[in-house]
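Listed below are the residues making up each chain.
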Amino acid sequence: MSEAAIQTYTRADEAFDCLQTAIVKGDLVPGEKIGEVELCSRFNLTRGPLREALGRLESRGLLVRRPHAGVKVVSVSAEELLELYRIRETMEGLAARQAAERMTDEEIADLQATLDSHEQMIEQAQGQAYYQAEGDYDFHHRIATGSRNTKLAQMLLGDLYYMVRMYRYRLSTSSGRPHMALGEHRRIAEAIAQRDGELAEFLMKRHINAARRNIEKKIREGVLTI
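Residues numbered from 1 in each chain as written. Predicted model: local features only at pLDDT ≥ 70, side-chain atom pairs only at ≥ 80, totals over all residues. Heavy atoms only, no water.

### So, the overall build of the protein chain
Secondary structure summary: the protein chain contains eleven helices and three strands in total. Its C-alpha atoms give the protein chain a radius of gyration of 18 Å, within 12% of the compact-globule value 17 Å for 226 residues. Structurally, the protein chain occupies a C-alpha span of about 55 × 50 × 35 Å along its principal axes. By sequence separation, contacts in the protein chain at least 24 residues apart represent 73% of the contacts at least 6 residues apart. Element-wise, carbon and sulfur atoms account for 49% of the exposed surface of the protein chain, whose accessible area totals about 11,400 Å². Distance from the positive charge centre (32 side chains) to the negative charge centre (34 side chains) of the protein chain: 5 Å. (Helix = DSSP H or I, 4+ residues; strand = E, 2+ residues; numbered from the N terminus. Rg over C-alpha atoms; globule rule 2.2 N^0.38 Å. Contact = heavy atoms within 4.5 Å. Areas by Shrake-Rupley, 256 points an atom, 1.4 Å probe, with all protein chains shown as cover. Lys, Arg positive; Asp, Glu negative; His and termini not counted. Charge placed at Lys NZ, Arg CZ, Asp CG, Glu CD.)

Shown next, in the form of structure tokens:
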């Protein structure tokens, strides 16, 4: 983080990042009702920054506020989650095709370097988790922006992006899944580096299809409750 960024990083930003990470990692689970007093105590936050952070999380669709029911972490049904993955399969496939056509060589090198750092993170987690921070550290985020398709990126990186991140981490904790997902990411990146848009699209769609089938399996086995 640059010196300028550090200087402008506020307590509200800190609270926002803390709570968003807690939601993505499942420390605050979908559907959980949350209160300010509990959050302040649990995450060592103060009221002012917390309230600003809650407003930002609500605007991102990660929290919902209901009259007489308070604030809850957003949740989706199993069918809604599977539909989200079907949408991703088509849209991210197109993003990968266009990324192969439009990303610069430097951007592709950065993408591959990012995957190297992901591998180190997976090893540190002993192969049990694959957590990607949002933005440029996120493989799927980089593909969406690298597509140079503004409308497509807006759709993929809006509410859909934040909603899916909640479940991607939980699903990445399957035995063997982190290394498998990383291998799939590397093959997509290689197709992009070869400027093979058709292959990049095929591999991305297959990657997300595999993730969707993993969700279906976990739901059937009762491992993933939604």
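### Brief notes about the sheet that holds strand β1 (residues 33–34)
For sheets, the rule is that strands pair by backbone hydrogen bonds, running either parallel or antiparallel. The three strands lie next to each other as β1-β3-β2, forming an open sheet whose pairing is antiparallel. Single-partner strands in this sheet number two, and they are β1 and β2 (63–66). Sheet topology places β2 next to strand β3 (residues 70–73); four bridges connect them, and they run antiparallel. Looking across to β3, one finds that Arg66 is bridged to Gly70. (Pairing = 2+ DSSP bridges.)

### Notes on the nonpolar core
Formed by 64 residues in total, the largest nonpolar core has its most connected members in Leu19, Leu28, Ile143 and Ile192. Top contributing element to this core by residue count: helix α5 (residues 78–102), with nine residues. Domain assignment of the residues forming this core places at least three in each of domain 1 (11–73) and domain 2 (78–221). Not counting residues within four places of it along the chain, the set of residues in contact with Ile192 comprises Ala96, Ala99, Ala100, Met103, Ile108, Leu111, Ile143 and Ala200. (Core = buried A, V, L, I, M, F, W, Y, C linked by side-chain atoms within 4.5 Å. Buried < 20%, exposed > 50% of the residue type's maximum accessible area, 1.4 Å probe, protein only. Domains from an automatic or database assignment.)

### With respect to the domain arrangement of the protein chain
When the domains of the protein chain are assigned, the result is domain 1 (11–73) and domain 2 (78–221). Of note, the centres of domain 1 and domain 2, computed from C-alpha atoms alone, are 26 Å apart. Residue-level contacts link eleven residues of domain 1 with ten residues of domain 2. For the pair domain 1 and domain 2, the summed buried area comes to about 1,000 Å², and 61% of that belongs to carbon and sulfur atoms. For domain 1, the biggest contributors to the area lost against domain 2 are Val24, Lys25 and Arg60; these three give 53% of the whole. On inspection of domain 1 and its partner domain 2, the count reaches zero salt bridges. For the pair domain 1 and domain 2, the interface holds one residue pair in polar contact (both at pLDDT 80 or more). A per-class count over the side of domain 1 that touches domain 2 returns five nonpolar, four polar and two charged. (Buried area = accessible area lost by both parts, 1.4 Å probe. Salt bridge = Lys/Arg side-chain N within 4 Å of Asp/Glu carboxyl O. Polar contact = N/O pair within 3.5 Å; in protein donor to acceptor, adjacent residues only side chain to side chain. Nonpolar A, V, L, I, M, F, W, Y, C, P; charged D, E, K, R; others polar.)

### A word on helix α3 (residues 36–43)
For α3, the full list of buried residues reads Leu39, Cys40 and Phe43. The buried residues of α3 occupy an angular sector of 100 degrees when projected down its axis, which confines them to one face. Looking at α3, the residues exposed on the side facing more than 90 degrees away from the buried face are Val37 and Ser41. In this structure, the buried side of α3 is in contact with α2 (11–24), β1 and α4 (47–59). One or two residues past the end of α3 sits Asn44, with phi positive at roughly 55 degrees. (Arc of directions from axis to C-beta.)

### Let's talk about the UniProt feature "domain: HTH gntR-type" (unreviewed entry) in the protein chain
In the UniProt entry, the feature "domain: HTH gntR-type" (unreviewed entry) is given for residues 9–76. Segment residues 9–76 splits into 51% helix and 15% strand. End C-alpha atoms: 32 Å apart. (UniProt positions renumbered as here; feature names shortened; annotations may be inferred.)

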